[in-house]
Amino acid sequence: MENFFQDLRFGARLLCKRPGFTASAVLALALGIGGTTAIVTLASAVLLRPLPYPDSERLIAIWETLPEMRQGSVSDANFRDFRDQSTRVESMAAVYARDLSLGYGDEDPERVVGGDVSRDFFRVFAVEPTVGRTFSDDAYAPGRGRVAVLSHELWRRRFGRDPQVYGKTFVLNGQLHRVVGVMPADYRVAADARQQAPFDLFRPLHLSAEERGRGNHMLQVYGRLRPGVSVEQARAEMDTIAARLAQQYPSQAERGVRVRTLKEQFAAPLRPALLVLLGAVGLVLLIACANVGGLLLARGASRQGEFAIRLALGAGRRRIVRQLLTESLLLSLLGGGCGVLVALWLIDLVTLGLAEQLSRVIPVEIDLGILGFSLAVSVLTGLVFGILPALSASRSEVLLGLKDGGARATVGPGQGRLRRGLIVGELALAVTLSIGAGLMAHSFVKLQGVDPGFDEHNLLTFRVALPEDAEDREVVAFYSRLIDRLKALPGAQEVAAINHPPLIRQNMNGGFSIEGRPPWGPGQEPLTEYQVVTRDYFRAMKIPVVRGRSFSEHDRNGTTGVVVINETMANLYWPGEDPIGKRMRTGWTGDEWKQIVGVVADTTRFSLDNTRRAAETYFPFEQAQLRAMAVMVRTSVEPRSLVEAVRGQVRGLDATLPMYATQTMEQVVADSLGDRSFSLLLLCLFALTALVLAGTGIYGLLAYQVSQRSREVGIRMALGARVGDVRRLFVVEGAKLIVAGLLVGLGTSVVLARFLESLLYGVSAQDGLTFGIVAVLLSVIALVAVYVPARRASQIDPMVALRSE
Amino acid sequence: MNTERIDQDAGHPEHVPGYVGSGEVLMRLDGVSKVFCTDELETHALSNVRLDVHAGEFVSIAGPSGSGKTTLLSILGLLDSLSAGTYALAGQSVSSIEASELPRIRNRQIGFIFQSFNLIGDLSVYDNVALPLTYRGLPAAERRQRVEAALERVGMSHRRKHFPNQLSGGQQQRVAVARAVVGDPPVLLADEPTGNLDSRNGDSVMELLSELHAGGATICMVTHNPDYTRYATRTVTMLDGQVVAEQAQTPRLAQ
Ligand SMILES: Nc1ncnc2c1ncn2[C@@H]1O[C@H](COP(=O)(O)OP(=O)(O)O)[C@@H](O)[C@H]1O
Ligand SMILES: [Mg+2]
């Protein structure tokens, strides 16, 4: 023990004496360990850690499927059949997400996401409210008073955590509701399949007869498996039930069912990016280890004299190894400590970036287990790279000690090989990581060039929703007045409205039939997206009208029903034909035939990297009113600068109406690449770290090599070597290592890039341009790292050859 | 014994009786000083040294440790610059030579032999010996022929593929001698060439040097060993950076 403290003290003194070495080693360790800790923490939170519900592994989500749709909402009738016929699912409940307007007193109304939940909903999750209770069976009886259970977040935000909130009333969509309970903070069931927005509050589910129909798919269904039942078993049972329904009801013919664990559902969209980041950070850790290994190796070797003396003074080899280990331990603990800081910072950054998907659903905090893991990694790194140079140092000392009274023929080849291996390895790892980042970046550049089909610049969007019970006439009048008022604002050029703008990830669709054609067979009915737009929508969005006309003021209630379709729809159903003047009928608008008056260009519906195009049908607003619409304002000025003026106009028309989802369409377009741009940012961050680490690592190893070989350089100069000869000697040796590192790295990349394929867009995993650029970039960096020490070598005083005794 | 105290001011003796040489001055140091400045310390490694080495001479340099012997050799070998004084090599003042020319002159005029052999560990015996010729830019065929000859001369041909750490100290020093003479330099500078060798190996290296001397080489050698001093035509004794004694003698010839 006394020895240990002695070693510790000596080690600490040594670290202080060589601040350059200490700083670079600690930095490399901190970056490697911090990065790993952060990403492992996130990955385990997302992929491994159970959701915060009792026996959460038994929770499942149930979706309906169609051949072209992997996951869709469930109709109430189907939900009841699923629930009543299943024996393997203990409890099953449904939720219907609604946008609601919460307002009281003089405050601005606020848009909230309400979940209308069926009986048993909270029992499925097995979560009790922290205040009050959930819904009694009474609450589901028709005509009962309106009640609500608040989310913790809403309770905090609008009720100031009032513990006496039970029984208090508030206004929701113009109706008085009474609070009966508050859910705990970590109860964050999300309102959509992408798990983006958690529910703000819950109400008992009341559906109209029409909404209960088998064809009305609007529910999210959750279930809890019976103990001992596997997901596979539940899946098999649900498949059987779905098959039975498909036989029983023609409308269900093509429908299937999809059962996923809640965990899987949450983690799936994040998994590819997280796994890639995990791989990337693993590479960074390896580079950092190689870097520190090189540093320790160099230092261990440059201390051979010290070890020789210690050996001569009777220190055992084991004693020397132990001393080196203590020093390495000290170093890695320092690095690990700084690594924790790096990790905390990175986790902050990542949760901020993934806030939409992560933090609001699962809180991520660095936990003690991961902290332990990070320290273990750092200590292990220290041990491994402490032992390597320690072994080689103590071995070489013994050999040198035997050789001709201390004379030496410069350094032997053994250590040189290890060093060269480290250089090649570091470079190869950096190449691999940079190619990964490069491929992602190239995809991103490609995506920036994708035309969304409309002009997203200078375009402001926001939503308003009139109450469900508003009259059609009122609705039309409201929106036309709103649009007129907004158009009159200075800076506004065009104003229009649509139910679901492109790239918002919300849609409304249904079947249709074409006049004069035989009806589609049951279940074969194709879908078209239902888009309700005001007159100037295409002009405001700058969507070109390809054929026919756009809507006019004559397309109103009472005139001929008309629609405009998009090119995909025209090509799919009227190939080689002119659809103008043809008539179609949709499930939504009932029996009336609608005449096609125009064809417009396609827009990107889902996200820029989703090239799928949907058949779309546009209805004129005055012939197909909806209560909730997105208003689009084309501006001649910076769109954000109009927000307050717009809000004033909305309030002027109806002070109780919340204006929500206010954003620029540029932002919407960028957000549709949100996860992608964020993982790209992280990957680039890691690649940059790798470049810095590899660059300094290679430089350090070569600079060390030069100092080790200064005597050799002196000899060569005494024999007549010129400055250029010496420089060339080191540059050529370095260049060989660079070529080897590049080749290994490029080869590894070819193999590993395949794992990136699902994240790439418009770029092959073997993209020559990316490979080329990375190869050139890294060659340049590596050559600089080689040239600087080589230059220094050529400035060595040849006298060292004579004066090395 | 014929000892002569050299008076610094008395001019250089043009003829020291008994030396073997052609008589023409190959290296002439005049008033040479060398001062090393480290931090606050100034070390006068050489002070006002005057020394002529004639072609064909075998000069043995002795003196206590720190007296400036190595510094003297390094200046003779163009590895270091002077603080004061002049040095003329083959009649040409060294200070007038471009720095970029120095490597070429070192390569052609001077062969070095070090106490610690200073072979390059990563290169084979053959490649070590070939190094000066490589720097001279000789074609491969001529290089091979000359390297073989040099190795033959020191009796190391059979080890040409070995690496330095596979050889004994004596063998390493013979290779170092081969490397020093492979380019046929007129001058050989040897700093304690036998310092790390046992007496048997030391003897054989001295025999080699003596042979080279007999073959016409001019040699300056630092040694402490009185036995080996006898191979020289002249002994120079240094103390505190100054030449304090010179003595010409009849060398013991190589057997
Ligand atoms: N590079 C140097 N920097 C400072 N002092 C030096 C340097 N080289 C030699 N010296 C000093 O010059 C003096 C002569 O050294 P040296 O020529 O090596 O002596 P010798 O070879 O006779 O033992 C010594 O005092 C030594 O410490
Ligand atoms: Mg010396």
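Residues numbered from 1 in each chain as written. Chains lettered and ligands numbered in written order. Predicted model: local features only at pLDDT ≥ 70, side-chain atom pairs only at ≥ 80, totals over all residues. Heavy atoms only, no water.

### Re the overall build of chain A
Just so we agree on the cut-off: Secondary structure counts use DSSP, requiring at least four H or I residues in a row for a helix and at least two E residues in a row for a strand, with both numbered from the N terminus. Relative accessibility under 20% of the residue-type maximum defines a buried residue, over 50% an exposed one, and the middle range a partly exposed one, all with a 1.4 Å probe and only protein chains included. For this analysis, residues touch if any pair of their heavy atoms sits within 4.5 Å. Here, Shrake-Rupley sampling with a 1.4 Å probe gives the accessible areas, and only protein chains in the shown set may cover a residue.
A tally of helices and strands in chain A yields 21 helices and 23 strands. Going through the 805 residues of chain A one by one, you find that 54% of them count as buried. Looking at chain A alone, contacts between residues at least 24 apart form 81% of all its contacts between residues at least 6 apart. Within the structure as shown, chain A displays about 34,300 Å² of accessible surface, and the carbon and sulfur contribution to it stands at 57%.

### Quick word on the side chain of Asn566 of chain A
All names here are of chain A. Where we set the bar: Counting of polar contacts relies on pairs of N or O atoms within 3.5 Å, with two restrictions inside protein: one atom must be capable of donating a hydrogen and the other of accepting it, and residues adjacent in sequence are counted only when both atoms are side-chain atoms.
With respect to the helices and strands, Asn566 occurs in strand S18 (residues 562-566). Looking at Asn566, its side chain comes within polar contact range of the side chain of Asp602, at 3.1 Å. Here the side chain of Asn566 touches Ala614 through a polar contact of 2.9 Å, landing on its backbone oxygen. When residues no more than four places from it in sequence are discounted, the contact partners of Asn566 are Val599, Val600, Ala601, Asp602, Ala614, Ala615 and Glu616.

### Here's the deal with the packing of helix H3 (residues 125-136) of chain B against helix H5 (residues 169-181) of chain B
Residue and element names in this part refer to chain B. For the record, the criterion: To obtain each axis, a line is fitted to C-alpha atoms, and for helices this fit is confined to the stretch in contact; angles are then taken between N-to-C directions over 0 to 180 degrees. Any angle that is under 35 degrees is reported as roughly parallel, and any over 145 degrees as roughly antiparallel; angles of 65 to 115 degrees are reported as roughly perpendicular and all others as oblique. By definition, any crossing whose near helix is turned counterclockwise from its far helix by less than a right angle is left-handed, and any crossing with a clockwise turn is right-handed.
Viewed as axis vectors pointing N to C, H3 and H5 meet at an angle of 30°, and their least axial separation amounts to 7 Å. With respect to H5, the axis of H3 lies roughly parallel. In terms of crossing hand, the pair formed by H3 and H5 is right-handed. Where H3 approaches H5, its residues Val125, Asn128, Val129 and Pro132 are matched on the opposing element by Val175, Ala178 and Arg179.

### Section: a nonpolar patch on the surface
This is how it is decided: Candidate patch residues must exceed 30% relative accessible area and have no salt bridge, after which like charges are joined if within 9 Å and Val, Leu, Ile, Met, Phe, Trp or Tyr side chains if within 5 Å. A side-chain nitrogen of Lys or Arg and a carboxyl oxygen of Asp or Glu constitute a salt bridge if their distance falls within 4 Å.
A surface patch of nonpolar side chains, amounting to about 360 Å² of accessible area, comprises Val750, Val751, Leu752 and Phe755 of chain A. Within the secondary structure, Val750 of chain A sits in helix H20 (residues 723-752).

### Here we look at the packing of aromatic side chains
All names here are of chain A. Short version of the rule: Centre distance within 6.5 Å is the pairing criterion for rings of Phe, Tyr and Trp, where only the six-membered ring of Trp is used; planes under 30 degrees apart are then read as stacked, over 60 as edge-to-face, and the remainder as tilted. Any Lys NZ or Arg CZ that is within 6 Å of a ring centre and within 35 degrees of that ring's normal is treated as a charge sitting over the ring.
Taken as a whole and assessed by the stated rule, the structure comprises 24 aromatic pairs over all chains. A centroid spacing of 6.1 Å and a plane angle of 50° characterise the contact between Phe122 and Tyr187, whose relative ring orientation is tilted. Of this pair, Phe122 sits in helix H4 (residues 121-125) while Tyr187 sits in the loop between strand S9 (175-182) and strand S10 (201-204), and the two are 65 residues apart along the sequence. Residues Phe122 and Tyr187 agree in their burial class; the two are buried. Centre to centre, the rings of Tyr530 and Phe619 are 5.7 Å apart; their planes meet at 75°, and the pair counts as edge-to-face. In this pair, Tyr530 is assigned in strand S16 (residues 527-533) and Phe619 in strand S21 (residues 616-620), connecting sequence segments 89 residues apart. The pair Tyr530 / Phe619 is uniform in exposure class, with both members buried. Pairwise contacts between aromatic rings join Tyr53, Phe121, Phe122, Phe125, Phe135, Tyr187, Phe199, Phe202 and Tyr222 into one cluster. In this structure, Arg214 is placed above the aromatic ring of Tyr249, and the distance from its NZ or CZ to the ring centre is 3.8 Å.

### Thoughts on the environment of Arg651 of chain A
Here Arg651 of chain A lies in helix H16 (residues 643-653). Sequence-wise, Arg651 of chain A and Pro109 of chain A are 542 residues apart; in three dimensions their C-alpha atoms are separated by 9.9 Å.

### Some details on the pairing of strand S14 (residues 492-498) of chain A
Residue and element names in this part refer to chain A. Our working rule: When DSSP finds two or more bridges between two strands, those strands count as paired.
Burial of S14 is extensive: six of the seven residues sit out of reach of the surface. Across six bridges, the pairing between S14 and strand S22 (residues 628-635) is antiparallel. Opposite Ala497, over in S22, you have Val631 as the bridge partner.

### Considering the sheet that holds strand S10 (residues 242-248) of chain B
Residues and elements named next belong to chain B. Pairing in this open sheet of six strands is mixed, and the strands run S6-S7-S8-S3-S9-S10 from one edge to the other. Looking at strand neighbours, the two that pair on one side only are strand S6 (110-113) and S10, the edges of this open sheet. Strand-to-strand twist of the sheet, defined as the mean angle between neighbouring strand axes without regard to direction, takes the value 15°. One ladder, built from six bridges, connects strand S9 (residues 234-239) with S10; its direction is antiparallel. The residue of S10 that forms the bridge with Thr237 is Ala245. Lying on the sheet, helix H1 (residues 69-76) is in contact with strand S3 (58-62), S6, strand S7 (187-191), strand S8 (218-222) and S9; it crosses S7 at an angle near 155°.

### Here we look at H3 of chain B
For the α-helix, the turn length of 3.6 residues means that residues three or four positions removed from each other point alike. Among the 12 residues of H3 of chain B, 10 are classified as buried, and the element is accordingly described as predominantly covered. Looking only at H3 of chain B, the buried set comprises Val125, Tyr126, Asn128, Val129, Ala130, Leu131, Pro132, Leu133, Tyr135 and Arg136 of chain B. Each element contacted by the buried residues of H3 of chain B is listed here: helix H19 (710-718) and H20 of chain A together with helix H2 (102-109), helix H4 (140-154) and H5 of chain B. At the exit of H3 of chain B stands Gly137 of chain B, carrying a positive phi of roughly 80°.

### Focus on the nonpolar core
All names here are of chain A. Applied cut-off: What is meant by a nonpolar core is a set of buried Ala, Val, Leu, Ile, Met, Phe, Trp, Tyr and Cys residues, joined one to another through side-chain atoms within 4.5 Å.
Phe454, Tyr537, Phe538, Tyr618, Leu682, Phe686 and Leu778 are the most contacted members of the largest nonpolar core, which totals 106 residues. Element by element, the count of residues in this core is highest for helix H8 (residues 271-302), at 16 residues. Other than its neighbours up to four places away in sequence, Tyr537 contacts Ala496, Ala497, Ile498, Pro502, Ile543, Tyr618 and Met632. Within the second largest apolar cluster, 45 residues are counted, among which are Ile565, Met569, Ile596 and Val599.

### Digging into a negative patch on the surface
All names here are of chain A. For the record, the criterion: We treat Lys and Arg as the positive residues and Asp and Glu as the negative residues; His and chain ends play no part in the count. For this purpose, a charge sits on NZ of Lys, CZ of Arg, CG of Asp or CD of Glu.
On the surface, a cluster of negative charge is contributed by Glu468, Asp469, Glu471 and Glu474. Tracing the backbone through its elements, the reader meets Asp469 in the loop between strand S13 (459-465) and helix H13 (472-487). When its relative accessible area of 62% is taken as the criterion, Asp469 is described as exposed.

### Concerning the packing of H13 of chain A against H16 of chain A
Residues and elements named next belong to chain A. The condition is simple: Here the term charged refers only to Asp, Glu, Lys and Arg, the term nonpolar to Ala, Val, Leu, Ile, Met, Phe, Trp, Tyr, Cys and Pro, and the term polar to all other amino acids, Gly among them.
Packing of H13 against H16 brings their axes to within 10 Å, and their N-to-C directions diverge by 145°. Considering the relative orientation of H13 and H16, their crossing is right-handed. On H16, the residues that touch Phe478, Arg481, Leu482, Arg485 and Leu486 of H13 are Val646, Gln649, Val650, Gly652 and Leu653. Among the residues forming the contact of H13 with H16, the class breakdown is six nonpolar, two polar and two charged.

### Some words on the confidence of the model for chain B
We apply this condition: In predicted models, pLDDT denotes the confidence assigned by the predictor to each residue on a 0 to 100 scale.
With 90% of its residues at a pLDDT of 70 or more, chain B shows a mean pLDDT of 86. Counting interchain partners and residues more than four positions distant, the pLDDT-below-50 stretch residues 1-20 of chain B has 28 contacts.

### Description of the sheet that holds strand S4 (residues 84-89) of chain B
Residues and elements named next belong to chain B. With antiparallel pairing, the four strands of this open sheet are ordered in space as S2-S1-S4-S5. Only two strands of the sheet have a single neighbouring strand rather than two, namely strand S2 (41-54) and strand S5 (92-93). With 10 bridges joining them, strand S1 (residues 25-38) and S2 adopt antiparallel strand pairing. Bridging from a neighbouring strand, Val35 pairs with His44 of S2. Packed onto the sheet, H1 meets S1, S2 and S4 and runs at close to 120° relative to S1.

### Overview of H16 of chain A
All names here are of chain A. Selection criterion: Directions drawn from the helix axis to the C-beta atoms are what define this arc.
Taken together, the buried positions of H16 are Val643, Val646, Val650 and Leu653. Down the axis of H16, the buried set is contained in an arc of 90°. They therefore lie on one face. Facing away from the buried side of H16 by more than 90 degrees, the exposed set consists of Glu644 and Gly652. Packed against the buried residues of H16 are S13, H13 and strand S23 (660-664).

### Focus on the environment of Asn3 of chain A
Residues and elements named next belong to chain A. Looking at the element boundaries, Asn3 is found in helix H1 (residues 2-17). By relative accessible area, which is 32% here, Asn3 ends up partly exposed. Each C-alpha atom of the pair Asn3 and Arg322 lies 9.5 Å from the other, and the pair is 319 residues apart in sequence. Contact partners of Asn3, with chain neighbours within four places excluded, come to Arg319 and Arg322.

### A word on unusual backbone geometry
All names here are of chain B. For Ala90, which is not glycine, the phi torsion reads 50° and is therefore positive. Considering the arrangement of structural elements, one finds Ala90 in the loop between S4 and S5. Positive phi outside glycine occurs at Asn118, with the angle close to 55°. Mapped onto the elements, Asn118 comes out in the loop between S6 and H3.

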